[in-house]
Amino acid sequence: MDVEKKRQREQETVAKIIEIYCHDHHGKRSGLCPKCEELAHYAEARIAACPRMEVKSFCSVCPIHCYAPARRQEIQTIMRYGGPRMLLHHPLMTLHHMMLSWQMRLERFAFFRHSRQSDRSVKVK
Ligand SMILES: [Zn+2]
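Residues numbered from 1 in each chain as written. Predicted model: local features only at pLDDT ≥ 70, side-chain atom pairs only at ≥ 80, totals over all residues.

S.K.: So what exactly am I meant to see when it comes to the overall build of the protein here?
M.R.: Per the secondary structure count, the protein includes four helices and zero strands. Mapped in sequence order, the helices and strands of the protein form the string α-α-α-α. Relative to its full complement of 125 residues, the protein shows a buried share of 17%. Contacts spanning at least 24 positions in sequence make up 64% of the contacts within the protein whose residues lie at least 6 apart. (Helix = DSSP H or I, 4+ residues; strand = E, 2+ residues; numbered from the N terminus. Buried ≥ 20, exposed ≤ 12 C-beta atoms within 10 Å, placed from the backbone. Contact = placed C-beta atoms within 7 Å.)

Shown next as structure tokens:
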């Protein structure tokens with residue numbers, strides 16, 4: 001997938017999750033309350049400025065956290081709530097997100113294992 005498409009998809013996913021959260025918590029039927037609207041813009045801007053879009057999958061599994069701590073906490077709360085619910089509302093989008101997240105975790109795991117091995121040729125398994 002090309003980088004810009006990935007970027008756009010992450011922005012859409014995050015926007016959807018914020019929407020789900022806002023509807024359930026702030027009683028908005030359509031659109032977002034001002035606070036969530038602001039957070040959505042913030043997240044969008046962070047994703048737009050992400051220098052690691054090419055190598056990372058999603059902000060939730062990225063080792064570099066470019067969100068300000070307070071914002072990060074807000075978005076994490078929302079993701080924890082809205083993530084599983086995304087599966088009901090937008091199953092395909094969520095499955096895709098999960099697949100990329102797992103892939104990313106596996107890659108990181110492989111990287112750590114690899115970097116611990118001083119001589120790779122000795123142990124090829
Ligand atoms: Zn809201």
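The rest of the description comes next.
S.K.: Looking at this structure, I do not really get helix α3 (residues 69-89). What am I missing?
M.R.: Given 3.6 residues per helical turn, the α-helix brings residues three or four places apart onto the same face. A rise of 1.5 Å per residue sets the reference length of α3, with its 21 residues, at 30 Å; its end C-alpha atoms lie 29 Å apart and thus fit the reference within 8%. Buried within α3 we find Ile75, Ile78 and Gly82. Lining the buried residues of α3 we find α1 (3-26) and α2 (34-49). (Expected span 1.5 Å × (residues − 1).)

S.K.: So what exactly am I meant to see when it comes to the nonpolar core here?
M.R.: One broad trend across soluble globular proteins is that nonpolar side chains are buried collectively. Among the nonpolar cores identified, the biggest contains 12 residues, and these are Val14, Ile17, Ile18, Tyr21, Cys22, Cys36, Leu39, Ala40, Ala43, Ile47, Ile75 and Ile78. Taken together, the elements giving at least two residues each to this core come down to α1, α2 and α3. (Core = buried A, V, L, I, M, F, W, Y, C linked by C-beta atoms within 7 Å.)

S.K.: Sorry if this is basic, but what is going on with the packing of α1 against α3 here?
M.R.: Helix-helix packing: each pair is described by the crossing angle between the helix axes and the interaxial distance. Their axes nearest at 8 Å, the elements α1 and α3 cross at an angle of 100°. Between α1 and α3, the angle is such that the two are roughly perpendicular. Residue-level contacts link Lys16, Ile17, Ile18, Ile20 and Tyr21 of α1 to Ile78, Met79, Tyr81, Gly82, Gly83, Arg85, Met86 and His89 of α3. Among the residues forming the contact of α1 with α3, the class breakdown is eight nonpolar, three polar and two charged. (Axes fitted to C-alpha atoms, helices over the stretch in contact; angles between N-to-C directions. Parallel < 35°, antiparallel > 145°, perpendicular 65-115°, else oblique. Nonpolar A, V, L, I, M, F, W, Y, C, P; charged D, E, K, R; others polar.)

S.K.: Honestly, α1 in this entry has me stumped. Any pointers?
M.R.: Between its first and last C-alpha atoms α1 spans 33 Å; for 24 residues at 1.5 Å apiece the expected length is 34 Å, and the two agree. By the burial criterion, the buried members of α1 are Glu10, Thr13, Val14, Ile17, Ile18, Tyr21 and Cys22. Looking one or two places after α1, you find Gly27, whose phi comes out positive at around 65°.

S.K.: Which parts of the structure should I look at to understand the packing of α1 against α2?
M.R.: Contact geometry of α1 with α2 gives a least axis separation of 10 Å together with a crossing angle of 165°. Classified by the interaxial angle, the pair formed by α1 and α2 is roughly antiparallel. In this structure, α1 meets α2 at a crossing whose hand is right-handed. The segment α1 lies against α2, with Arg7, Glu10, Gln11, Val14, Ala15, Ile18, Cys22 and His26 engaging Cys36, Leu39, Ala40, Ala43, Glu44 and Ile47. (Left-handed = near helix turned anticlockwise from the far one by under 90°.)

S.K.: I would appreciate a short explanation of the confidence of the model for the protein in the present structure.
M.R.: Detailed reading of predicted coordinates is not advised where the pLDDT is low. Residue-level pLDDT values for the protein average 79, and 78% of them are 70 or greater. The lowest-confidence element of the protein is helix α4 (residues 91-116), averaging 72 in pLDDT; the highest-confidence one is α2, averaging 92. Segment residues 118-125: pLDDT under 50, and one contact once partners within four positions in sequence are set aside and those in other chains are kept. (pLDDT = per-residue confidence, 0-100.)

S.K.: Help me understand the environment of His23 in this model?
M.R.: Examined against the element boundaries, His23 turns out to sit in helix α1. The spatial distance from the C-alpha of His23 to the C-alpha of Cys33 is 8.7 Å, given a sequence separation of 10 residues.

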